[in-house]
Structures are given as structure tokens and as C-alpha cells.
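# Observations on the three-dimensional arrangement
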2 protein chains.
Amino acid sequence: MANIQEVADKAGVSVATVSRVLNKKSSVSPKTRVKVEAAIKELNYEPSMLGRNLRNSESRILLVLIPSISNPFYTEIINGIEDTALNSNYHILLCDTDSNPLRENIYLNMIKNKLADGVISMDPAVNKKRLNDLAKKYPIIQCSEYDDAGHIPHVTINNELAAYRAVKHLIMLGHKSIALINCDEKFLYARQRRQGYERALNEFDIPVRKEWIYNTDELLFENGIRAMRKLLQLETTPTAVFAVSDTLAIGALKEINENGLKVPEHIAVVGFDKISFSNMTNPTLTTVSQPMYQMGCVAVQMLINKIKGEDVESIILDHELIIRESTMG
Amino acid sequence: MANIQEVADKAGVSVATVSRVLNKKSSVSPKTRVKVEAAIKELNYEPSMLGRNLRNSESRILLVLIPSISNPFYTEIINGIEDTALNSNYHILLCDTDSNPLRENIYLNMIKNKLADGVISMDPAVNKKRLNDLAKKYPIIQCSEYDDAGHIPHVTINNELAAYRAVKHLIMLGHKSIALINCDEKFLYARQRRQGYERALNEFDIPVRKEWIYNTDELLFENGIRAMRKLLQLETTPTAVFAVSDTLAIGALKEINENGLKVPEHIAVVGFDKISFSNMTNPTLTTVSQPMYQMGCVAVQMLINKIKGEDVESIILDHELIIRESTMG
DNA sequence: GTGAAAGCGCTAACAT
DNA sequence: ATGTTAGCGCTTTCAC
């Protein structure tokens with residue numbers, strides 16, 4: 001591969017001039033420009049990012065931490081991130097942390113090693129202390145999940161309100177026995193959604209029953225199945241279920257079906273996230289829609305501003321309750 | 001951030017010695033090693049990959065081209081890719097090409113720009129000429145989908161045989177009216193799976209009926225719904241459907257249900273890929289399982305060998321027919 | 001408008 | 001075992 005020196009030689013100019021043509025910034029006479037461009041074409045020259053990046057002390061790569069690439073919730077966010085990053089001439093390095101601290105560490109080190117210019121973290125299981133420490137020196141944004149005790153700018157939705165609305169929807173339909181399939185409450189969003197759930201019940205003087213709140217380790221289908229199985233074994237079973245993710249809700253749907261019960265006639269179900277699959281279940285799933293694509297775009301914009309050294313404020317985006325067959329057959 | 005020079009100064013040695021400690025290759029006396037390590041710790045030094053990469057003329061980044069991150073088929077492959085790459089100290093840059101030539105171009109340029117050391121392409125819609133040209137100069141591997149006319153090493157399964165087996169399974173159950181929901185046959189895998197479909201029919205003297213072969217543009221749920229809708233409008237409707245992806249099959253399932261028909265009593269359905277969701281449908285989906293994780297691992301290993309300059313042979317992996325409720329209620 | 005030269009941080013060949 | 005030094009490919013200041 002040709003380098004900038006060879007281009008300069010062929011064009012009969014200095015490397016500085018070639019660089020000027022490449023970067024279009026400072027002025028080059030039309031004549032020399034043409035000469036240089038001809039030399040570039042002739043030699044099939046492509047500038048090396050390795051040299052440029054070292055010189056500019058940047059990698060133009062953004063790190064994106066997600067707990068699991070298999071979770072469809074993240075795919076739309078990533079689309080937003082990728083589009084926006086590409087537009088600003090950044091590339092993204094997608095890091096499936098598997099919520100594994102070791103892996104997380106490997107990736108987070110990249111920013112220290114100058115291999116990444118900034119980080120968007122979407123992993124609820126991220127080591128918060130580590131992230132906050134890093135954020136003092138490096139540009140970091142949290143997307144969707146964040147640390148309420150920390151000082152890292154984030155973009156997210158109002159989880160408490162979204163859960164409140166979902167549960168209120170069930171109450172308005174006449175339900176009084178409403179179960180909650182939640183994730184582990186070490187996660188902020190899980191705590192917030194539980195608060196919304198309880199606020200709705202309290203508002204209508206419906207007592208909160210411990211046995212109707214089930215906490216899962218992960219958000220997989222299987223967890224939804226297991227949770228629903230437990231709930232169906234209680235002496236009094238709920239007539240409605242609010243699950244904090246569509247994957248959990250779909251697992252619940254399946255288990256309800258398996259027991260010969262009908263949704264929503266016997267039990268109504270609400271999910272969260274509006275993953276593409278939530279429209280393919282039978283019945284289709286009532287769910288809370290987050291502006292995932294937009295969330296990704298905003299996160300990148302915030303991060304780029306942060307990289308530029310600007311001050312960045314956290315942003316709360318809107319959500320929407322999508323009412324489908326699983327609550328209103 | 002401290003650089004290697006500062007560490008050398010603080011430790012009272014030369015930069016070469018610091019580099020030796022860092023890279024553990026050549027010998028350093030225990031005493032100096034301790035001194036250097038102390039200096040590194042004290043200064044919180046982290047080696048810059050920008051400098052190292054320029055010097056070594058490598059980025060240690062592998063490009064992975066996928067048509068769409070939303071397709072769950074790819075997520076398991078990516079897991080395999082990521083694990084294997086990380087083990088060999090490579091990072092992966094995931095490129096959602098959206099089957100868009102412009103985007104593809106942006107990404108493929110990265111390898112010319114030295115920003116990537118090699119490419120794994122999984123995009124069936126990739127510009128084959130472009131890829132073959134690039135492959136002459138740069139390390140490239142194709143995964144899952146490949147170009148039978150080209151010379152790029154690939155890892156894949158025997159699509160013809162897999163389709164043959166799936167259709168034969170339906171025939172053995174007594175079906176004689178078997179539809180095929182295929183993707184656009186500009187894709188090699190689509191042509192191969194159609195061949196397998198036809199071979200099975202021919203073997204049992206079942207005529208191939210044009211109106212029972214439906215080609216879709218994409219592999220989305222919606223395409224499956226539309227395809228099934230068409231098939232159900234025919235005067236003679238099939239009693240079984242083989243769809244070349246689970247997403248299509250799940251769409252078909254939904255449309256069959258919508259029409260008040262039962263799977264598999266009225267119509268049996270077979271999918272392809274064994275995505276995690278195929279186990280959550282009602283009924284669960286009979287499907288062809290590809291060793292996706294392994295495919296990812298193998299692809300990376302092949303690519304790394306190629307980067308090292310070794311000769312690399314294409315590899316065909318095994319598949320498996322997973323029989324579930326959608327064919328045997 | 002253009003060129004000479006310094007230097008980003010690192011590794012490795014060569015010298016000691 | 002350790003130090004000296006060149007150089008990977010590029011951008012940018014400073015001259016002219």
C-alpha cells in the first residue's frame with residue numbers, strides 16, 4: 001500500500017500538501033490539487049487511519065456496552081446509535097458484556113488504551129463504581145439504565161410513570177388482582193417500575209400482595225415461564241400480570257396457554273419494550289413502547305458533545321402504552 | 001495520560017526496557033522489572049494502542065458484516081465470533097450493512113484504511129464483485145452465505161441437504177401438498193434450499209407446483225404473513241409449509257391461526273434456524289438447527305489464520321432437524 | 001500557496 | 001540485560 005510520501009513524490013509536492021488535499025481544510029491551488037488527486041488515483045492510495053489516529057490522538061471509535069446482544073430490546077437502540085455515529089464519522093464497537101465483570105473490564109480498558117474515544121453504557125449490571133471513576137476522566141453516557149446516585153449524563157424514560165400507566169390500564173379494565181413479574185431489584189429500572197406498580201394500586205386502594213410480586217434473575221423467556229408457573233400455583237391467582245419486559249411477558253403468555261387458560265379472558269398480560277416479536281404472539285401483546293431508535297441517536301449526540309468537551313445534561317424521553325389483544329381481546 | 005517515556009524516566013531506564021516489560025517477550029532482570037512495574041503503577045500508565053498499532057501496522061480489529069442486527073439468526077453467530085476473537089486478542093466491529101451498498105462501502109473501506117485487519121461477511125446481499133476484488137489483497141472469510149462462483153473461503157452448512165431433510169420429514173408424515181416459502185432466489189442459500197425441496201418431492205414422485213412456491217423480499221415476520229395469506233387464497237391449499245427461516249415460519253403460523261386453522265392438524269409448518277423464539281410459539285416450531293455459535297468460532301479462526309498468511313480451506317458444518325409441535329402435534 | 005520538520009507513542013534492530 | 005535510535009503514516013506549526 002502506498003503511503004502519503006509516495007503520493008507526494010509522484011505528484012511532485014510535499015507531504016504537507018497531500019495532507020491538505022486530503023483534509024480539504026486549508027487552501028491548495030487548483031493546479032496542485034489536480035496533480036495530487038491524479039497521483040492518489042494512480043497509486044490507489046488510501047490514507048492510513050493508524051497514522052492519522054495517532055497523530056490526532058483519537059480513534060473515532062465509540063464503545064457501546066450491552067448486557068446481551070440476544071435481547072431484542074437493544075437492537076433498535078443500536079440502529080439509532082449506528083446511524084448517528086456514522087453520520088458524525090464515528091464507528092461503534094459493540095460490546096456484549098454478558099453482564100460479566102471480566103469481559104466488561106476488557107472492554108472498558110479500551111478507552112484507557114485510546115482505542116475508544118467514549119462509551120455508551122446500557123448494561124444495568126455494570127460496575128457502577130468503576131464506571132463513575134472512569135467518567136471523571138473519560139466521556140461516558142448511560143443509555144436506558146443509569147445510576148441515580150452517580151453523576152454520569154443519561155438518556156432514559158420515566159420508568160415509574162410508564163409502569164404506573166400500564167398498571168392503571170389494567171385497573172381501568174376492572175382488574176384488582178394484578179401480579180408483577182419484575183427483574184432483580186438491584187437494577188434501578190426494576191425498582192422504579194415496582195414503584196409505579198405500587199403507586200397505581202395504592203391510588204385505587206388495592207392492597208399490594210407480596211406473593212403476587214415475582215422477581216427474576218434475567219429477562220429471558222424461560223424466566224417468564226417460571227414466574228407464571230409460580231403465580232398459577234398460588235391459592236388465589238391474579239387476573240392480570242404486568243411483566244417488566246416483553247420477553248418475560250411472552251414466557252408468561254406461553255405458560256398461561258399451557259395451562260389451558262385464555263388471554264385476556266382469564267388472565268390479562270402487559271409487557272414492556274414493544275420488541276418486534278410482541279406483535280407476532282397470539283394474542284398480540286399490550287406493551288409499553290420506548291423510543292428506542294431515538295434513544296440511541298440522542299445517546300450518541302450527547303457522547304459526541306461530551307467528547308468535544310461540552311457540558312451535557314441528562315434527557316428523559318417519552319414513552320407510550322400500546323394497547324393490543326392481551327388486555328383487550 | 002502518561003506515556004512510555006515518562007515511565008522510563010521515572011523508573012530510570014530506557015523506553016526499550018519499558019516496552020520489554022510491557023510485552024513480556026525478551027528478558028528483563030527481575031530488579032528492573034520491579035522498578036518499571038512500580039513506575040507504571042505510580043503513573044497509572046496505560047499503553048496507547050494508537051502508537052502500538054501504528055508501529056505494528058495492525059488494528060487488531062475484525063470487521064463483521066451482517067445485513068441486519070435485528071435478525072435473531074445472527075446473534076448466536078456473533079456470540080461465537082466475539083468469544084473467539086476476544087480470546088485471540090482481537091476486537092470486532094459489528095457492521096449492520098442494512099444490505100445497503102453505500103453503508104457496505106463505508107465499512108469495507110475500513111480495511112483499506114487499516115482500521116480493520118480482516119472481514120467476516122455474512123451479508124447475502126453483499127456486492128460479490130467488490131468482495132472478491134478486496135479478497136485478493138485483504139483477508140476475508142464468508143460465513144453462512146457465500147459466493148459459489150468466487151474464491152473466498154467460507155464456513156457454512158449444506159443448505160440443499162438440510163432443506164431436503166426438512167421436506168422429506170413432511171413427506172414421511174404423509175404430506176403431499178407442501179408449499180415453500182422462500183426468500184429471493186438471488187441469494188445462493190435460497191436457490192440451494194429450493195433445490196433440496198424439489199429433490200425431496202421428486203424422490204417421492206410428487207409434482208412441483210409453481211403456485212406453492214412463494215418468494216419473499218426479506219425474512220421478516222410480515223413477509224411470512226403475506227406469503228401465507230397468498231397460499232391460503234389458492235383454490236387448493238397446501239397441507240404443509242416449509243419456510244426458509246423461522247421468522248417467516250412464525251409469520252405463517254400467525255396467519256394460519258388468524259384464519260381459524262390449526263397447526264399441525266390443518267397445516268404443518270417447518271422453519272429454519274432455530275432462533276430462540278422458535279420455542280416460544282404456540283405450537284412450538286419444527287426447524288433446522290444450524291451450529292451458529294460454532295460457525296462464528298470457526299469463521300474467526302479461519303480469518304485469523306488468513307491474516308497470518310496461512311492457506312485456508314472452506315468448511316461445511318453439520319445441521320440438525322429439530323422436530324417439535326408444528327409438525328407433530 | 002507550499003515546503004521543511006517536529007512529533008504523536010510505540011517496537012525492534014542493532015549496539016553495547 | 002539494557003540503551004540508542006530509526007521509523008510506522010500522518011497532521012500541523014512555522015517559515016518563506
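In the block above lies the structure referred to throughout.
For the structure given in this document, a descriptive report is provided here. Since we're looking at a predicted model, the values are computed, not measured. (Residues numbered from 1 in each chain as written. Chains lettered and ligands numbered in written order. Predicted model: local features only at pLDDT ≥ 70, side-chain atom pairs only at ≥ 80, totals over all residues. Heavy atoms only, no water.)

### Looking at the interface of chain A and chain B
Rules: The criterion used for residue contact is that any of the two residues' heavy atoms lie within 4.5 Å. Summed over both partners, the accessible area lost on bringing two parts together, with a 1.4 Å probe, is the buried area. The salt bridge criterion pairs a side-chain nitrogen of Lys or Arg with a carboxyl oxygen of Asp or Glu, the two atoms within 4 Å. The secondary structure listing takes helices from DSSP runs of H or I that are at least 4 residues long and strands from runs of E that are at least 2 residues long, numbered from the N terminus. Three categories are distinguished: nonpolar for Ala, Val, Leu, Ile, Met, Phe, Trp, Tyr, Cys and Pro, charged for Asp, Glu, Lys and Arg, and polar for the others, with Gly belonging to the last.
At the interface, 50 residues of chain A touch 51 residues of chain B. Interface area for chain A against chain B, summed over the two sides, is near 4500 Å², with a carbon-plus-sulfur share of 64%. On the chain A side of the contact with chain B, L50(A), F277(A) and M280(A) bury the most area, a combined 15% of that side's loss. The tally of links between chain A and chain B comes to 6 salt bridges. Across the pair R103(B) and E82(A) runs a salt bridge whose closest N-O atoms are separated by 3.9 Å. Residue assignment for the side of chain A that touches chain B shows that the elements contributing at least two residues are α4 (49-56), α5 (73-87), β2 (91-96), α6 (101-112), α10 (221-233) and α11 (246-258) of chain A. Of the residues in the side of chain A that touches chain B, the class split is 23 nonpolar, 17 polar and 10 charged.

### Focus: the environment of V18(A)
Residue and element names in this part refer to chain A. Operational definition: The cut-offs for exposure are 20% and 50% of the maximum accessible area for each residue type, with area from a 1.4 Å probe on protein chains only; residues under the lower value are buried, those over the upper are exposed, and the others partly exposed.
Relative to the assigned elements, V18 resides in helix α2 (residues 15-23). Residue classification places V18 among the buried positions, given a relative accessible area of 0%. Residues V18 and Q233, spaced 215 residues apart in sequence, show a C-alpha to C-alpha distance of 75 Å. In this view, V18 contacts I4, V7, A8, V13 and V36; residues no more than four positions away in its chain are not counted.

### Details of empty space enclosed by the protein
Counted only if it meets this: A pocket, in this scheme, is an open set of points on a 1 Å grid over the protein atoms alone with protein on both sides within 12 Å along at least 5 of 7 lines, while a cavity is a set where a 1.4 Å probe fits but cannot get out; residues line either one if an atom lies within 4 Å of a point. Grid points are joined across faces, edges and corners, and a volume is the space filled by probe spheres set on the points.
All told, the structure shown has 4 cavities of 30 Å³ or more when counted by the stated rule. What the largest cavity holds in volume is close to 230 Å³. Along the walls of the largest cavity sit 17 residues, with M280(A), T281(A), N282(A), T281(B) and N282(B) positioned nearest its centre. Of all elements in the fold, only α11 of chain A together with α11 (246-258) of chain B reach the threshold of two or more residues within the lining of the largest cavity. Counting residues per element, the lining of the largest cavity draws most heavily on α11(A), which supplies 5 residues.

### Observations concerning the relation of the copies chain A and chain B
Threshold: Superposition of the copies was done by least squares, using only C-alpha atoms of residues whose pLDDT is at least 70 in both.
Take chain A, turn it by 180°, move it 0.0 Å along the axis, and it overlays chain B with an RMSD of 0.1 Å. As the rotation angle and translation indicate, the two copies are arranged about a two-fold axis. Within chain A, L93(A) has its C-alpha nearest the rotation axis, a separation of 2.5 Å.

### Here we look at the protein's contact with DNA strand D
To keep it simple, the criterion reads: For this description, a residue counts as near a given molecule or strand if any of its non-hydrogen atoms is within 4 Å of it. Each polar contact in these results corresponds to two N or O atoms within 3.5 Å; when the atoms are within protein, one needs to be able to donate a hydrogen and the other to accept it, and residues that are neighboring in sequence are counted only if both atoms are side-chain atoms.
DNA strand D sits among 26 residues. The nearest are I4(A), Y45(A), R55(A), R20(B) and S27(B). Sugar plus phosphate, as a fraction of atoms of DNA strand D within 4 Å of the protein: 58%. Within the contact set of DNA strand D, a phosphate oxygen lies 3.0 Å away from a side-chain nitrogen or oxygen of N23(A). Mapped onto the surface near DNA strand D, the elements with two or more residues apiece are α2 and α4 of chain A together with α2 (15-23) and α4 (49-56) of chain B. Of the residues in the surface near DNA strand D, the class split is 9 nonpolar, 12 polar and 5 charged.

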